[in-house]
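Observations on the three-dimensional arrangement
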Amino acid sequence: KQDSPHNNLGVLLEKHGQVDEAIAEYRRAIELDPNQDYSHGNLGNALEKQGKLDEAIAEYRRAIELNPQCNFAYCGIGWGLCQKGQLDEAMDACRTAIEIEPKSPHPHVNLGNALMQSGRLDEAIAEYRTAIELDPEFTIAHINLGDALSRQGEQELAVAEYRTAIEFEPENIHAHSRLGDALLKQGQFDEAIDEYKKSIELDPNSLRAHIDLGKAL
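Residues numbered from 1 in each chain as written. Predicted model: local features only at pLDDT ≥ 70, side-chain atom pairs only at ≥ 80, totals over all residues. Heavy atoms only, no water.

So, about the overall build of the protein chain. Looking only at helices and strands, the protein chain features 13 helices and 0 strands. Its C-alpha radius of gyration of 19 Å places the protein chain within 12% of the 17 Å reference for a compact globule of 217 residues. With the C-alpha coordinates aligned to their principal axes, the bounding extent of the protein chain is approximately 60 × 35 × 30 Å. Of all 217 residues assigned to the protein chain, the portion counted as buried reaches 49%. Within the protein chain, contacts between residues separated by at least 24 positions form 44% of all contacts whose residues are at least 6 apart in sequence. Counting every atom, the protein chain has about 11,100 Å² of accessible surface; 48% of that belongs to carbon and sulfur. Within the protein chain, one finds 21 positive and 39 negative side-chain charges whose respective centroids are separated by 2 Å. (Helix = DSSP H or I, 4+ residues; strand = E, 2+ residues; numbered from the N terminus. Rg over C-alpha atoms; globule rule 2.2 N^0.38 Å. Buried < 20%, exposed > 50% of the residue type's maximum accessible area, 1.4 Å probe, protein only. Contact = heavy atoms within 4.5 Å. Areas by Shrake-Rupley, 256 points an atom, 1.4 Å probe, with all protein chains shown as cover. Lys, Arg positive; Asp, Glu negative; His and termini not counted. Charge placed at Lys NZ, Arg CZ, Asp CG, Glu CD.)

Encoded structure:
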């Protein structure tokens, strides 16, 4: 049960994008009670957002020491190790998270990411589809499934996944950008340009969106 006021404040701050302030609250919660597995896990998640992967993984490992059934921490370790290119270890962590909580879609997505980085696209696709079965509105699962399908040359199927992601999250810049890429590969230049323009509308400072639009024009 997450009943620490500092931890709860950290969660609220993080939801509002105030990651530095959230980290300070998680650290304060841990100072007051070093045995709160959830505060270590939340701190790990916030540190990941700042790209501090080694620190994040250390916090996740501490959470697991305190609670060996902390699937959230295993899932976080899987994501962090995947970012570091330690793919076999990442897969092991994700599979442990799935064993602990089979109905959570997040470790399936993280496992899919590690598999895709390993070039094991069929297996990655299976994991993304499992995540979507568990949570049909899980936007990132649709986007990543689209990426894997696109890599297999299945642009039409990829387009369908990106469009589904946009239905659930219309302001997701990544979905619009990926949809533009897939449409461009299909030779649908006008539609691709529209998606890149939408990406720029959502984030005028996105260098990638401007570069993509320039290539399509």
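The terminal C-alpha atoms of helix H7 (residues 106-117) lie 17 Å apart, and with 12 residues this matches the ideal 16 Å at 1.5 Å per residue to within 8%. Summarising burial for H7: 10 of the 12 residues are buried, a large majority. Every buried residue of H7 is accounted for by Pro107, His108, Val109, Asn110, Leu111, Gly112, Asn113, Ala114, Leu115 and Met116. In the core, the buried residues of H7 are packed alongside helix H5 (71-83), helix H6 (87-100), helix H8 (121-134) and helix H9 (139-151). Residue glycine 119 follows H7 closely and has a positive phi angle near 85 degrees. (Expected span 1.5 Å × (residues − 1).)

On to the side chain of serine 4. Structurally, serine 4 can be placed in the segment before helix H1 (5-15). Exposure remark for serine 4: the relative accessible area of 6% places this residue in the buried category. Not counting residues up to four positions away in its chain, the partners in contact with serine 4 are Ala29, Gln36 and Tyr38.

Here helix H10 (residues 155-168) is 14 residues long and its end C-alpha atoms lie 20 Å apart, about the 20 Å a rise of 1.5 Å per residue gives. Turning to H10, its buried residues number three or more, namely Gln155, Ala158, Val159, Glu161, Tyr162, Ala165 and Ile166. End-on view of H10: buried residues confined to an arc of 165 degrees, all on one side of the axis. Relative to its buried face, H10 has exposed residues pointing more than 90 degrees away, namely Glu156 and Glu167. Among the structural elements, H8, H9, helix H11 (173-185) and helix H12 (189-202) are those in contact with the buried residues of H10. (Arc of directions from axis to C-beta.)

Okay, the packing of aromatic side chains next. If you walk through the whole model with that rule in mind, you get 1 aromatic pair. For the ring pair tyrosine 60 and phenylalanine 72, a centre distance of 6.0 Å and an interplane angle of 90 degrees mean the geometry is edge-to-face. Remark: phenylalanine 72 occurs in helix H5 and tyrosine 60 occurs in helix H4 (residues 53-66); sequence separation between them is 12 residues. You can call tyrosine 60 buried: its relative accessible area is 1%. (Phe/Tyr/Trp six-rings, centres within 6.5 Å; stacked < 30°, edge-to-face > 60°.)

Generally speaking, nonpolar side chains in soluble globular proteins are found buried as a group. Counting 61 residues, the largest nonpolar core has Ile77 and Tyr128 as its most contacted members. The greatest single-element share of this core, amounting to 7 residues, is contributed by H6. Residues within four places of tyrosine 128 in sequence aside, it is in contact with Val109, Gly112, Asn113, Met116, Ala141, Asn144, Leu145 and Ala148. (Core = buried A, V, L, I, M, F, W, Y, C linked by side-chain atoms within 4.5 Å.)

Let us now look at the side chain of glutamine 155. Assignment of secondary structure puts glutamine 155 in helix H10. Note on glutamine 155: relative accessible area 11%, which makes it buried. Those residues in contact with glutamine 155, other than ones at most four positions away along the chain, are Ser150, Ala182, Lys185 and Gln186.

Quick look at the environment of cysteine 70 now. Position of cysteine 70 relative to the elements: it lies in the loop between H4 and H5. The exposure class of cysteine 70 is buried, given its relative accessible area of 8%. As for cysteine 70 and aspartate 37, which are separated by 33 residues in sequence, their C-alpha atoms are 7.9 Å apart. The residues touching cysteine 70, leaving out its near neighbours within four places in the chain, are Asp37, Ala63 and Ile64.

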